[in-house]
Amino acid sequence: MAGKIDARLAELGITLPNATAPVANYVPYVVSNNLVHISGQITMENGELKFVGKLGKDYQVEDGQKAARLCALNLIAQLKAAIGDLDKVTRVVKLNAFVNSAPEFTDQPKVVNGASDTMVEIFGDVGKHARSAVGVASLPLGVAVEIDGIFEVA
């Protein structure tokens, strides 16, 4: 039987991507007491890189928001792999977002809204979180956005 969050995903027409394996010497998540720390998720969709490039050069804010949304869905896929039932989530605690940015690009917070809005859309008030939105000179594999997260679970 599907849980509340699985039903919400279906209602929104969202299919979570496959949780990807790490590409280096780290684990995709660590569960410590009631917190799940999820390693940085990039713009990978079922094994295919998306959104490779810089905001303010190759992409504008709207594309960046789509990239951030994909990172958020990858975070949720890893979270589901970690805990099984997404109804166990009691809070999206924090997102740390990195935006591959041209030097003059300063709309990182608007880009990261793509992830923040996705968390609230799926989890409701439980999805409201603290966050950082940081512009960087480059990201792994040249992707536009990478986001890690901390989730509280029951």
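Thresholds, definitions, all that
Think of each chain on its own: its residues are numbered from 1, step by step along the sequence as written. Local features in this predicted model are restricted to residues of pLDDT 70 or higher, and side-chain atom pairs are both shown and tallied only at a pLDDT of 80 or more, whereas totals for entire chains, interfaces and linings draw on every residue. For the side-chain quantities, the full set of heavy atoms in the structure was used; hydrogens and water were omitted. In this text, helices come from DSSP runs of H or I with a minimum length of four residues, and strands from runs of E with a minimum of two, each type numbered from the N-terminal end. Using a 1.4 Å probe on the protein chains alone, a residue whose accessible area is under 20% of its type maximum counts as buried, one over 50% counts as exposed, and one in between counts as partly exposed. Contacts are residue-level and defined by heavy atoms, with any inter-residue pair within 4.5 Å sufficient. To be clear on the numbers: accessible area is Shrake-Rupley with a 1.4 Å probe, and residue cover counts the displayed protein chains and nothing else. His is not counted, nor are the chain ends; Lys and Arg add positive charge and Asp and Glu add negative charge. Note on charges: their place is set at NZ of Lys, CZ of Arg, CG of Asp or CD of Glu. Each pair of strands is called paired provided DSSP finds at least two bridges between the two strands. Clockwise travel from the first strand over the helix to the second, with the strands pointing away from the viewer, marks a crossover as right-handed. Geometry is summarised by axes, namely lines fitted to C-alpha atoms with helices restricted to the contacting stretch, and by angles between N-to-C directions that run from 0 to 180 degrees. Note on angle classes: values under 35 degrees are labelled roughly parallel, values over 145 roughly antiparallel, values of 65 to 115 roughly perpendicular, and the remainder oblique. Crossing handedness is defined as follows: a turn of the near helix away from the far one that is anticlockwise and smaller than a right angle gives a left-handed crossing, while the clockwise case is right-handed. Each salt bridge in this description consists of a side-chain nitrogen of Lys or Arg and a carboxyl oxygen of Asp or Glu lying within 4 Å of one another.

Novice: What exactly am I supposed to notice about the overall build of the protein chain here?
Specialist: The helix and strand tally for the protein chain stands at three helices and seven strands. In the protein chain, the order of α-helices and β-strands from amino to carboxyl end is α-β-β-β-β-α-β-α-β-β. In terms of overall dimensions, the protein chain has a C-alpha envelope of 45 × 35 × 25 Å along the principal axes. When each of the 154 residues of the protein chain is scored for burial, the buried share is 41%. Considering only contacts within the protein chain whose residues lie at least 6 apart along the sequence, 81% involve residues at least 24 apart. Of the roughly 7600 Å² of accessible surface on the protein chain, 52% is carried by carbon and sulfur atoms. Charge centroids of the protein chain, computed over 14 positive and 17 negative side chains, lie 2 Å from each other.

Novice: Sorry if this is basic, but what is going on with the pairing of strand 6 (residues 130-136) here?
Specialist: For a regular strand, side chains alternate in direction, first toward one face of the sheet and then toward the other. Relative to strand 6, strand 5 (residues 89-100) runs parallel, the two sharing seven bridges. Paired with Asn96 across the two strands is Ser132, which belongs to strand 6. Taken together, strand 5, helix 3 (residues 108-123) and strand 6 constitute a β-α-β crossover, and its handedness is right-handed.

Novice: What am I meant to see in the packing of helix 2 (residues 61-83) against helix 3 here?
Specialist: The description of two helices packed together rests on the angle between their axes and the distance between the axes. In the contact formed by helix 2 and helix 3, the axes pass within 7 Å of each other and the chain directions differ by 45°. Judged by the inter-axis angle, helix 2 sits oblique to helix 3. As helix 2 packs across helix 3, the resulting crossing turns out to be right-handed. Packed against helix 2, whose contacting residues are Val61, Gly64, Gln65, Ala68, Arg69, Ala72, Leu73, Leu75, Ile76 and Leu79, the element helix 3 presents Lys110, Val111, Val112, Gly114, Ala115, Thr118, Met119, Glu121, Ile122 and Phe123 at the interface.

Novice: Just checking my understanding: could you explain the pattern of salt bridges for this structure?
Specialist: Where charged atoms from two side chains of opposite charge come close, those side chains can pair. Scanning all chains against the criterion turns up seven salt bridges. Glu121 is the salt-bridge partner of Arg69, the closest N and O atoms lying 2.8 Å from each other. With a gap of 52 residues between them, Arg69 in helix 2 and Glu121 in helix 3 connect regions that are remote in the sequence. We classify Arg69 as partly exposed; its relative accessible area is 28%. A salt bridge links Asp125 to Lys128; its shortest N-O distance comes to 3.3 Å.

Novice: I keep staring at the sheet that holds strand 1 (residues 29-32) and nothing clicks. Help me out?
Specialist: As a general point, the strands of a sheet are linked pairwise by backbone hydrogen bonds and lie either parallel or antiparallel. Pairing within the open sheet is mixed, and its five strands lie in the order 1-2-7-5-6. A single partner strand is all that each edge strand has here, and the edge strands are strand 1 and strand 6. Each adjacent strand pair in this sheet contributes to an overall mean axis angle of 10°, direction not counted. With five bridges joining them, strand 2 (residues 35-41) and strand 7 (residues 145-153) adopt antiparallel strand pairing.

Novice: Just checking my understanding: could you explain the side chain of Glu146 for this structure?
Specialist: Considering the arrangement of structural elements, one finds Glu146 in strand 7. This buried residue, Glu146, is left without a salt bridge; Lys54 holds the nearest opposite charge, at 13 Å. In this structure Glu146 touches Gly40, Gln41, Ile42, Cys71, Asn96, Ala97, Phe98, Leu139 and Pro140, once residues within four positions along its chain are discounted.

Novice: Sorry, what's going on with unusual backbone geometry here?
Specialist: Among all residues save glycine, negative phi is the norm, and among peptide bonds the norm is trans. The backbone of Asn46 shows a phi angle near 50°, a positive value even though the residue is not glycine. Structurally, the position occupied by Asn46 is in the loop between strand 3 (44-45) and strand 4 (48-49). You will see that Leu141, though not glycine, has its phi angle at about 60°, which is positive. By secondary structure assignment, the location of Leu141 is in the loop between strand 6 and strand 7.

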